[in-house]
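Residues per chain are reported as follows:
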Amino acid sequence: MTENKRVFSGTDFSDNDEDSLSGSLHSDDFDSDVYDSEAEASSLRETESADEESSGDEDAVDTDNVTDDNEDGDGVKGDDLDSDHGEEGESEGSEPDQPPEEESDSSEDEVAPRNTIGDVPLEWYRDEKHVGYDFTGKKITKKERQDKLDSFLASVDDSKNWRKIYDEYNDEEVELTKEETKLIRRMLKGEAPHADFDPYAPYVDWFKWDDAKHPLSSAPEPKRRFLPSKWEAKKVVKYVRAIRQGLIKFDKPEEEPNVYLLWGDDSRSDEKSKHLSYIPPPKLKLPGHEESYNPSLEYIPTEEEKASYDLMDEEDRPKFIPKRFTSLRSIPAYENALKESFERCLDLYLCPRVRKKRINIDPESLKPKLPSRKDLRPYPVTCYLEYRGHTGAVTSISTDSSGQWIASGSTDGSVRVWEVETGRCLKIWEFGEAVQRVAWNPLPELPILAVSMGPDLVILDTGLGNDEDQKKIKELLLLEKPSSAPDDNDNMASIVSWFPEDKYGGIRLRHFKNVSYVEWHRKGDYLSAVMPAGETRGIVVHQLSKKLTQKIPFKLHGLPVSTLFHPRLSIFFIATKKNVRVYDLLKKRLIKKLETGLREVSSMSIHPSGDNLIVGSKEGKICWFDMDLSTRPYKTLKNHPKDITNVAFHRSYPLFASCSDDCTAYVFHGMVYNDLNQNPLIVPLEILRGHTASNGRGVLDCKFHPRQPWLFTAGADSTIKLYCH
């Protein structure tokens, strides 16, 4: 029973006794549960006492077995004690015919323990959902324990409930057998557990006397016990010879030197001190030749030097000015003796009590080991081509999906399309208003351009592509009559209105506030527009195929700056001046909030894999977010001394760039690994210069070529530059 670690609680045996409390077990309490009534219990006790009196002439008799074979059936023996409540005892006449079962000392032979934790305390599993592990290594989950009321009702309904005990080691209920109840009853009475054990067995003498008077021998001690051993003497002689010959050497005790350096350093004084936190006092500066009473003339300052000392600060002024005396008798008392003694006491009193351990580390070893820039090629290095034609600052540029054309918008009110390789200007649209943003449609079969200026957003047909593409574009941009809201929603009518563009063809969307940012969805049908002054209606999404406008189903927390669509999933990024929030468009809920810690966010760009994001700020910092890692920046880069105007990722190469009002653009190597255990590698590569400042502005926008490691920059000096590798 002890090997199975079964726990016997008082409540398991005294459920039918209303007056008994949970605690230690007594034999009377156990017997009251076994017997059906008090009368039956008393009759059984009388029978047991009668059997004990009559057992003197008999051999070892098991009082727990049934021995009453009288025809009247008046005698009741131990097996009747194990009968259930309301259950009739089995006939005992057939028991002698059955073969006797082999007895065992351990209950482990009958039921093997299910739990394999060994001697591990069960308290360690108190807060866990399992209690241990079985032989196959699977967790043994804890069973739900019944409350007191349910256990009481179960004890009333179940006649065998009094036999059930809770095995805490295996977390299961075990029903006691008849033999186990007999063992428990005998132990509670203070008797031997097994009935066939005879505590008063006759004594068996282990000593064979064989006509001896005493069990020990009385022979005298032999002489060899009083003489020294000759073998030990030979062993000692052998060791002595080895020591004399130097074969066995002993460690000599270290002797401490009795001398010390009189003017030496007290750096080892802490080893002599018994106190662990002993710090030696600071040493006084030893006197030199200038402090002699009769120094050489070279140490005595002139009158001009003394006058210059008075003009110095007190901290820079020398503490002691040498003087010359002919003899020791003519030396006066030192006027600063008391002051210097007081300062010395202050130095000792205010001496730092913390010992600082200086670690000699090479500063170069602390720098991260970055790969060589030659191994990270290709990346843009030199200016290859300039695109000139705008008369005002170029505020925005965008490349089409094929990489053959680039569009630019300027404050002079014009939008131009350039051929990338030759620098030839293909088309010009004049709007008469400063252009804020231009964006190509990401689909190759839809070469259309989105242009924002003031409160208007114009969808232009660039005229590129084949006849089938142009036919599809004209059907897509066909708008028969002006409509304020295709879904007849009054709320949307106050936000945006759809008009046909008569001058250049296309569609004009007029918003109720100025549009500062435009971004296409990867499928080319949806377009998001950002209005910083629009407050709660600051971001809208237009669907080009249905001519439909809808608000985002999220509440804006702050003034919006820019938006992004995830390159693969239905996830929407909204950047405010302080944070970036990530939303799920399908479930219409917030996924996470990226805390930038920046003063004001200016732009953001997402990696083509969709798991990393860079955010630029107006304080010259770039934050790299690994969204699988944390909501805080993985790296914060401080490179630009002025505001960052835009950041951009390359679609296929491990490159990203940033441009600023300091007329420079920084190119970085940003490798993102498929292994989640490996952090992204960020290496600064090149600083691109060439633009000139105009009205305090520098480089206003930067974009990568979709296929080549080329970078386009748009400056306030009305030029666009192409940097190649």
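What you see is a predicted model, and the numbers here were worked out from it, not measured in a lab. (Residues numbered from 1 in each chain as written. Predicted model: local features only at pLDDT ≥ 70, side-chain atom pairs only at ≥ 80, totals over all residues. Heavy atoms only, no water.)

**A few points about the overall build of the chain**
Which entries qualify depends on this criterion: Strands are runs of DSSP state E lasting at least 2 residues, helices are runs of H or I lasting at least 4, and numbering of each runs from the N terminus. We call a residue buried when its accessible area falls under 20% of the maximum for its residue type, exposed when it is over 50%, and partly exposed in between, using a 1.4 Å probe and counting protein chains only. The contact definition used throughout considers only heavy atoms, calling two residues in contact when any of these lie within 4.5 Å. Only the protein chains shown count as covering a residue, and every accessible area follows the Shrake-Rupley method with a 1.4 Å probe.
Tallying secondary structure elements over the chain gives eleven helices and 33 strands in all. Residue burial in the chain is summarised as follows: out of 725 residues, 37% are buried. Partitioning the contacts of the chain with sequence separation of at least 6, the portion at a separation of at least 24 is 50%. When the accessible surface of the chain is summed, it comes to about 47300 Å², and 50% of that surface belongs to carbon and sulfur atoms.

**Comments concerning the nonpolar core**
The test is simple: Put simply, a nonpolar core is a bunch of buried Ala, Val, Leu, Ile, Met, Phe, Trp, Tyr and Cys residues held in one set by side-chain atoms that sit within 4.5 Å of each other.
In this structure, Ile552, Phe573, Val580, Met604, Leu613 and Val615 are the most contacted members of the largest nonpolar core, which totals 27 residues. Elements supplying a minimum of two residues to this core: strand E17 (539-543), strand E19 (560-565), strand E20 (571-576), strand E21 (579-584), strand E23 (601-606), strand E24 (612-617) and strand E25 (621-626). Here this core takes five residues from E20, the largest share from any one element. The residues touching valine 615, leaving out its near neighbours within four places in the chain, are Val580, Thr596, Leu598, Val601, Ser603, Met604, Lys621, Ile622, Cys623 and Phe625. Judged by nonpolar contacts, the second largest core, of 24 residues, contains Leu509, Trp520, Leu527 and Leu544.

**A few points about helix H10 (residues 467-476)**
Basically, it comes down to this: Each direction from the helix axis to a C-beta atom contributes to the arc, which is the arc of those directions.
Burial in H10 covers these residues: Asp469, Gln470, Ile473 and Leu476. Seen from one end, H10 has its buried residues packed into an arc of 125°, which puts them on one side. Those residues of H10 that are exposed and aimed more than 90 degrees away from the buried face are Asp467, Glu468, Lys471, Lys474 and Glu475. The elements touched by buried residues of H10 are strand E11 (448-453), strand E12 (456-461) and strand E14 (506-511).

**Considerations on the sheet that holds strand E16 (residues 526-530)**
Filter applied, for reference: Should DSSP find at least two bridges between two strands, the strands are regarded as paired. To get an axis, a line is fitted to the C-alpha atoms, and for a helix only the part in contact is used. The angle between two axes follows their N-to-C directions and goes from 0 to 180 degrees.
Strand order in the open sheet formed by four strands is E15-E16-E17-E18, and the pairing between neighbours is antiparallel. Sheet topology places strand E15 (517-520) and strand E18 (548-551) at the edges, where each strand pairs with a single neighbour. Pairwise comparison of adjacent strand axes, ignoring direction, gives a mean angle of 25° for this sheet. Bridge count between E16 and E17: five bridges; the pairing is antiparallel. For leucine 527, the partnering residue across the bridge sits in E17 and is histidine 542.

**Some words on the pairing of E19**
The buried count for E19 comes to six of six residues, which makes it a mostly enclosed element. Bridge count for E19 against E20 is five bridges, and the pairing is antiparallel. Across the sheet, residue leucine 564 finds its bridge partner in E20, namely phenylalanine 573.

**Structural notes on a negative patch on the surface**
Our working definition: Without a salt bridge and with relative accessible area above 30%, a residue can belong to a patch; like charges are then joined within 9 Å and nonpolar side chains (Val, Leu, Ile, Met, Phe, Trp, Tyr) within 5 Å. One side-chain nitrogen of Lys or Arg within 4 Å of one carboxyl oxygen of Asp or Glu is enough to make a salt bridge. The convention is simple: Lys and Arg are positive, Asp and Glu are negative, and His and the chain ends are not counted. To locate a charge, take atom NZ for lysine, CZ for arginine, CG for aspartate or CD for glutamate.
On the surface, Glu291, Glu340, Glu343 and Asp347 cluster together to form a negatively charged patch. With respect to the helices and strands, the residue aspartate 347 is situated in helix H9 (residues 337-349). Residue aspartate 347 is classed as partly exposed on the basis of its relative accessible area, which comes to 45%.

**Examining the sheet that holds strand E33 (residues 719-724)**
Reading across the sheet, the four strands line up as E5-E33-E32-E31 and stay open at both edges, with antiparallel pairing between neighbours. The sheet is open, and its two edges are formed by strand E5 (382-388) and strand E31 (699-704), each paired on a single side. If you compare each strand with its neighbour and ignore which way they point, the axes differ by 20° on average. Bridging between E31 and strand E32 (residues 711-715) involves five bridges; their strand directions are antiparallel. By the bridge assignment for E32, aspartate 701 is matched with alanine 714.

**Description of the environment of phenylalanine 712**
Following the sequence through the fold, phenylalanine 712 ends up in strand E32. In this structure, the C-alpha to C-alpha distance between phenylalanine 712 and tyrosine 723, residues eleven residues apart in sequence, is 6.4 Å. Phenylalanine 712 has contacts with Tyr387, Ile397, Thr399, Ile406, Val420, Asp701, Cys702, Lys703, Phe704, His705, Lys721 and Leu722, leaving out every residue within four places of it along the chain.

**Focus on the pairing of E18**
Across four bridges, E17 lies against E18 in antiparallel orientation. Along E18, the bridge assignment pairs valine 541 with glutamine 550.

**Observations regarding the side chain of serine 660**
The topology assignment puts serine 660 in strand E28 (residues 655-660). If we ignore the near neighbours within four places in the chain, the residues touching serine 660 are His640, Lys642, Asp643, Ile644, Thr645, Gly698 and Val699.

**With respect to unusual backbone geometry**
Here arginine 377 and proline 378 are connected by a cis peptide whose omega angle stands at 5°. Although it is not a glycine, lysine 588 adopts a positive phi angle of roughly 55°. As for its placement among the helices and strands, lysine 588 is situated in the loop between E21 and strand E22 (589-595). You will see that cysteine 663, though not glycine, has its phi angle at about 65°, which is positive. Classification of cysteine 663 as buried rests on a relative accessible area of 11%.

**As for the environment of tyrosine 334**
Filter applied, for reference: Residues adjacent in sequence count toward polar contacts only when both atoms are side-chain atoms; beyond that, a polar contact is any pair of N or O atoms within 3.5 Å, and within protein one must be able to donate a hydrogen and the other to accept it.
Note on placement: tyrosine 334 falls in the loop between helix H8 (303-311) and H9. Polar side-chain contacts of tyrosine 334 include one of 2.7 Å to the side chain of glutamate 340.

**Thoughts on the environment of isoleucine 406**
Note on placement: isoleucine 406 falls in strand E7 (residues 405-410). Residue isoleucine 406 is classed as buried on the basis of its relative accessible area of 0%. When the C-alpha positions of isoleucine 406 and glycine 423 are compared, they lie 9.6 Å apart, and in sequence the two are 17 residues distant. Isoleucine 406 has contacts with Ile397, Ser398, Thr399, Arg416, Val417, Trp418, Val420, Trp440 and Phe712, leaving out every residue within four places of it along the chain.

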